[in-house]
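# Overview (structure and organization)
These are the residues of each chain, in order.
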Amino acid sequence: MALQIIVFILTFCIMEFMAWFTHKYIMHGFLWVLHADHHKKDHDSWFERNDAFFIFYAVVSITCFLLWQKGIFELGIAVGLGIFAYGVAYFIVHDIFIHQRFKLFRNANNLYAKGVRRAHKMHHKHIGKGDGECFGMLFVPFKYFKK
């Protein structure tokens, strides 16, 4: 059980790197066509083409659950739950808190909330594919926490 918990925590933390890597090199790379509407809203829909990216990690997470269930990958439940938990955290921080797609957490004003908001605002000041900064989500550079 301790190993499962350690793997869960490690997976959650590794997912921040995966989100950063995917965001910087894939979303702002060859799949910019799906991510562009997130930087420059060119549609009237609540949904964005950018929302399609969650599907990839959902499939990976579900695959881990299935491999665990079939007895093929003993740590599959821990890895799958780590990916799922990161996805939930990402959704809460990015879609609900930062972009206010649901009107919740509007008054969060602690040091962490301010730093994450500031970092994401700096990322979105670039509406094009290049010249971006701060591609992470939950762990942002300390400079964004300074006043």
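As a starting point, this report considers the structure included with it. (Residues numbered from 1 in each chain as written. Predicted model: local features only at pLDDT ≥ 70, side-chain atom pairs only at ≥ 80, totals over all residues. Heavy atoms only, no water.)

### Let's talk about the overall build of the chain
Threshold: For helices the rule is a DSSP run of H or I covering at least 4 residues; for strands it is a run of E covering at least 2, with both sets numbered from the N terminus onward. Only protein chains enter the accessibility calculation, which uses a 1.4 Å probe; a residue whose area is less than 20% of its type maximum is buried, one above 50% is exposed, and one in between is partly exposed. Only the protein chains shown count as covering a residue, and every accessible area follows the Shrake-Rupley method with a 1.4 Å probe. Note that His is not counted, nor are the chain ends; the positive residues are Lys and Arg, and the negative ones are Asp and Glu. A single reference atom marks each charge: NZ on Lys, CZ on Arg, CG on Asp, CD on Glu.
Per the secondary structure count, the chain includes 5 helices and 0 strands. Walking the chain from its N terminus toward its C terminus, one meets helices and strands in the order α-α-α-α-α. Along the longest, intermediate and shortest principal axes, the C-alpha atoms of the chain span 45 × 35 × 30 Å. Out of the 147 residues belonging to the chain, those deemed buried represent 39%. Carbon and sulfur atoms make up 71% of the accessible area of the chain, which amounts to about 9300 Å² in all. Charged side chains of the chain number 17 positive and 10 negative; the gap between the two group centres comes to 9 Å.

### Here's the deal with the state of the cysteines
The line we're drawing: In this description, a disulfide is simply a cysteine sulfur pair whose atoms lie within 2.5 Å.
Inspection of the entire model under this criterion finds 0 disulfides. Sulfur of Cys13: no disulfide; nearest cysteine sulfur belongs to Cys64 and is 16 Å away.

### Brief notes about the environment of His124
Rule in force here: Whether two residues touch is decided by their heavy atoms; if any such pair falls within 4.5 Å, the residues are in contact.
Among the structural elements, His124 can be located in helix α5 (residues 111–124). Measuring from C-alpha to C-alpha, the distance between His124 and Lys40 comes to 8.9 Å, with 84 residues separating the pair along the chain. With residues up to four places along the chain from it excluded, the contact list for His124 reads His38, His39 and His99.

### Looking at the nonpolar core
Heads up, the rule is: Working definition of a nonpolar core: buried Ala, Val, Leu, Ile, Met, Phe, Trp, Tyr and Cys residues. They are joined through side-chain atoms within 4.5 Å.
In this structure, Tyr86, Val93, Ile98, Met137, Leu138 and Val140 are the most contacted members of the largest nonpolar core, which totals 22 residues. For this core, the secondary structure elements donating two or more residues are α1 (2–30), α3 (53–69), α4 (76–98) and α5. Element by element, the count of residues in this core is highest for α4, at 8 residues. Beyond its immediate chain neighbours, meaning those up to four positions away, Val93 contacts Ile98, Val116, Met137 and Leu138.

### Considering unusual backbone geometry
A negative phi angle characterises most non-glycine residues, just as the trans form characterises most peptide bonds. Residue Gln100 is not a glycine yet carries a positive backbone phi of 55°. Tracing the chain through its elements places Gln100 in the loop between α4 and α5. Accessibility expressed as a relative area gives 15% for Gln100, which makes it buried.

### A look at α5
Residues spaced three or four apart along an α-helix point in a common direction, a consequence of the helix completing one turn every 3.6 residues. The condition that has to hold: In this analysis, the expected span of each helix is defined as 1.5 Å times one less than the number of residues it contains. Each direction from the helix axis to a C-beta atom contributes to the arc, which is the arc of those directions.
Given a rise of 1.5 Å per residue, 14 residues ought to cover 20 Å, and the 20 Å separating the end C-alpha atoms of α5 matches this to within 8%. Along α5, the positions that sit buried rather than exposed are Ala113, Gly115, Val116, Ala119, His120, His123 and His124. Along the axis of α5, the buried positions cluster into a sector of 165°, meaning they face one direction only. Of the exposed residues in α5, those oriented more than 90 degrees away from the buried face are Leu111 and Lys121. In this structure, the buried residues of α5 make contact with α1, α2 (32–39) and α4.

### A look at the packing of aromatic side chains
This is how it is decided: The pairing test for Phe, Tyr and Trp rings, Trp by its six-membered ring, is centres within 6.5 Å, and the orientation test on the planes gives stacked under 30 degrees, edge-to-face over 60, and tilted for anything in between.
Scanning the entire structure with this criterion turns up 9 aromatic pairs. Ring plane angle 65° and centroid distance 5.4 Å describe the contact between Phe12 and Tyr86, whose orientation is recorded as edge-to-face. Remark: Tyr86 occurs in helix α4 and Phe12 occurs in helix α1; sequence separation between them is 74 residues. The interplanar angle of 45° and the centroid separation of 6.1 Å between the aromatic rings of Tyr86 and Tyr90 together place this pair among those described as tilted. A residue pair is termed a helical-turn pair when its members lie 3 or 4 positions apart in one helix, as Tyr86 and Tyr90 do in helix α4 at 4 residues. What links up through ring pairs into an aromatic cluster is the set Phe17, Trp20, Phe21 and Tyr25.

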